[in-house]
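Examination of the molecular architecture
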Amino acid sequence: MITAILPDSVVQSELPSVPAVAVGILNKKILSSLIKIVSSNFPLPSYKRVINRDGVCLLLVCKVSQLDFEFSDCSEIPIDAANYIINLLDCADRSISSKDLVIVNVPSRLPFTQRQNAACQWPVSFHPNNVLENKISGMNFKDDEKVTVIQRVASLVNRSKVASMKTESSVNFVMVVNPKTKKVLATASTCNASLLGHAAMRVIDQIAKAQLKPNLILLQPCSDLMPFDGKRKQHLVPCESLHATKKLKTEHNCSDDYLCTGYDIYFAIEPCIMCTMALVHSRINRIFFGEHREDFGGVAQAKLQEISALNHSFEVYHVSTV
């Protein structure tokens, strides 16, 4: 199963609600005039202004937060606030009184998903995001793509478990894939001899070398690299991890290529925060991982991909191989 790691604001089933003021309207002939008054004074774009509830026509005036009055109890409208609203509407309907004003709950923001929209206590304008809905339902991958993704992650997870048992320490395995050509560009595993020898850092380093970019991490071969069978061998790089530079250059023949732009990366174990930031810098396209980290992970827990201040983001998927 492939599950998209989405923002909490997207996966929550219901939106937080906030109090608002509405007024019951009996004379519908002056409804359009009232709508113009409240819309100009209290803009609420995309919120439906008029609804029928229990046989009563309700006009949404404003959110409580839009009024310059203190509400000690959000279930009641203060007299001064009620008088202000009545005076505002008086030019169109002199029959409105404080008894016609009611507190209603409206969503604090507009919904992102169909599920959130259906749970709104006050209707809003909503246009489904089909891309997002497909991610939620898992329909954004074709069947053959799902099989390929699961097989790749399962292979990395199995190799990670074997190597971790052999070394009695956590060993992560990664691979970078060009989704257009479906070719594996580089693979790497954790180098325990280096504090920065995380698998993601090392595989980005390989991509940089292949593109003839300045070396990011390794100044000399690491002597603690683990092959996929878990046995320790001097200067042995995991399978397919170091292609000949001449061969790899054919995969990076565009002058505007920058590290992992447009590429996918597969992990046995969720990347840490340091590696996640390195992936932000390298412009990775999508991250797939099998196992959650025991400590604080960079994509499923910290969710660095959701920080709008960063200049790049990416899609993240958890792949269950059980």
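Fair warning: this is a prediction, and the values are worked out from it, not measured in the lab. (Residues numbered from 1 in each chain as written. Predicted model: local features only at pLDDT ≥ 70, side-chain atom pairs only at ≥ 80, totals over all residues. Heavy atoms only, no water.)

What follows concerns a nonpolar patch on the surface. A surface patch of nonpolar side chains, about 310 Å² in accessible area, is lined by Leu195, Leu196 and Met274. Along the chain, the position of Met274 falls in helix H9 (residues 273-282). Met274 sits in the partly exposed class, given a relative accessible area of 30%. (Patch = residues over 30% accessible without salt bridge, like charges linked within 9 Å, V, L, I, M, F, W, Y side chains within 5 Å. Areas by Shrake-Rupley, 256 points an atom, 1.4 Å probe, with all protein chains shown as cover. Salt bridge = Lys/Arg side-chain N within 4 Å of Asp/Glu carboxyl O. Helix = DSSP H or I, 4+ residues; strand = E, 2+ residues; numbered from the N terminus. Buried < 20%, exposed > 50% of the residue type's maximum accessible area, 1.4 Å probe, protein only.)

Tallied over the entire structure, the rule returns five aromatic pairs. Ring plane angle 15° and centroid distance 4.8 Å describe the contact between Tyr266 and Phe288, whose orientation is recorded as stacked. Taken as a pair, Tyr266 in strand S8 (residues 264-269) and Phe288 in strand S9 (residues 286-291) lie far apart in primary sequence, 22 residues in all. The buried category is assigned to Tyr266, whose relative accessible area is 2%. By the ring-pair criterion, three or more aromatic residues cluster together here, those being Phe141, Tyr266, Phe288 and Tyr317. (Phe/Tyr/Trp six-rings, centres within 6.5 Å; stacked < 30°, edge-to-face > 60°.)

What follows concerns unusual backbone geometry. Unusually for a residue other than glycine, Asp54 sits at a positive phi of about 55°. Position of Asp54 relative to the elements: it lies in the loop between strand S3 (50-53) and strand S4 (56-63). You can call Asp54 exposed: its relative accessible area is 76%.

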